[in-house]
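Geometric and topological summary
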Amino acid sequence: GAGVSQSPSNKVTEKGKDVELRCDPISGHTALYWYRQSLGQGLEFLIYFQGNSAPDKSGLPSDRFSAERTGGSVSTLTIQRTQQEDSAVYLCASSLSTGGGLETQYFGPGTRLLVL
Amino acid sequence: RKEVEQDPGPFNVPEGATVAFNCTYSNSASQSFFWYRQDCRKEPKLLMSVYSSGNEDGRFTAQLNRASQYISLLIRDSKLSDSATYLCVDYNFNKFYFGSGTKLNVKP
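Residues numbered from 1 in each chain as written. Chains lettered and ligands numbered in written order. Predicted model: local features only at pLDDT ≥ 70, side-chain atom pairs only at ≥ 80, totals over all residues. Heavy atoms only, no water.

Examining the packing of aromatic side chains
Scanning the model with the defined rule gives 15 aromatic pairs over all chains in all. Where A:Tyr35 meets B:Phe98, the ring centres are 5.3 Å apart and the plane angle is 75 degrees; that geometry is what we call edge-to-face. Taken together, the positions of A:Tyr35 in strand β4 (residues 31–37) and B:Phe98 in strand β10 (residues 95–98) put the pair across two chains. On the basis of relative accessible area, A:Tyr35 is assigned to the buried category, the value being 1%. Ring centres of B:Tyr25 and B:Phe33 lie 4.5 Å apart, and the angle between their planes is 45 degrees; this geometry places the pair in the tilted category. The pair formed by B:Tyr25 and B:Phe33 is uniform in burial state, with each residue classed as buried. (Phe/Tyr/Trp six-rings, centres within 6.5 Å; stacked < 30°, edge-to-face > 60°. Helix = DSSP H or I, 4+ residues; strand = E, 2+ residues; numbered from the N terminus. Buried < 20%, exposed > 50% of the residue type's maximum accessible area, 1.4 Å probe, protein only.)

Listed below in structure tokens is the structure:
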């Protein structure tokens, strides 16, 4: 079946511009996560959505970052007034979230963002 | 202190070798653990889940030591295709915490 998809796959923007990154999770997955991975680094948690609950935004690095999840499915990560340090791969993952810590996350291919 | 710590490597081993990676975690309440594999410029993919004391899948064995708060991954009979970065992950309170990864290079 279809996996997690993300768009665009690559984005080059100028410093100060806003960008929107999109994630389509696996159908039926209630949990959705956004991560950021800088070159040669590990994954940095950004935000977590679970069903209709309020999202866990504790990983967002600044108020320039925001995310929405409409209808419990598609999610958009928005970065306003981009800075060069925002350049990274932004990864989205989804899981069934059945509880008990047995969830498996499935990742999308990521969006490579370059801020000039 | 990071939630999950790993030796970044690289581990350079010949084909057929046995190699082991360790990963330590800081939260004793962590519920479960995973090993993910990430190829260069690709997304992470689940390799193994680690529940209770550990589990085995073919050439791969994962073990969990709750008393010492570490997880290990053992790869037997290494293949060239095993070359990748291996990410240790712990899960607690709805969040997945990723280590920075251990790089493995398997040489012919």
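A look at the sheet that holds strand β1 (residues 5–7) of chain A
Residues and elements named next belong to chain A. One open sheet holds the 4 strands; their spatial order is β1-β3-β7-β6, and the pairing between them is antiparallel. Lying at the two open borders of the sheet, with one neighbouring strand each, are β1 and β6 (65–69). On average, each strand axis in the sheet is tilted by 15 degrees relative to the strand beside it, whichever way the strands run. Here strand β3 (residues 19–24) pairs with strand β7 (residues 75–79) via 5 bridges, running antiparallel. Paired with Leu-21 across the bridge in β7 is Leu-77. (Pairing = 2+ DSSP bridges. Axes fitted to C-alpha atoms, helices over the stretch in contact; angles between N-to-C directions.)

What to know about the nonpolar core
B:Phe21, B:Trp35, B:Ile71, B:Leu73, B:Ile75, B:Tyr86 and B:Leu104 are the most contacted members of the largest nonpolar core, which totals 22 residues. If one sorts the elements of this core by residue count, strand β3 (residues 19–25) of chain B sits on top with 4 residues. Formed by 20 residues, the second largest nonpolar core is a distinct cluster that contains A:Val4, A:Trp34, A:Ile47 and A:Tyr90. (Core = buried A, V, L, I, M, F, W, Y, C linked by side-chain atoms within 4.5 Å.)

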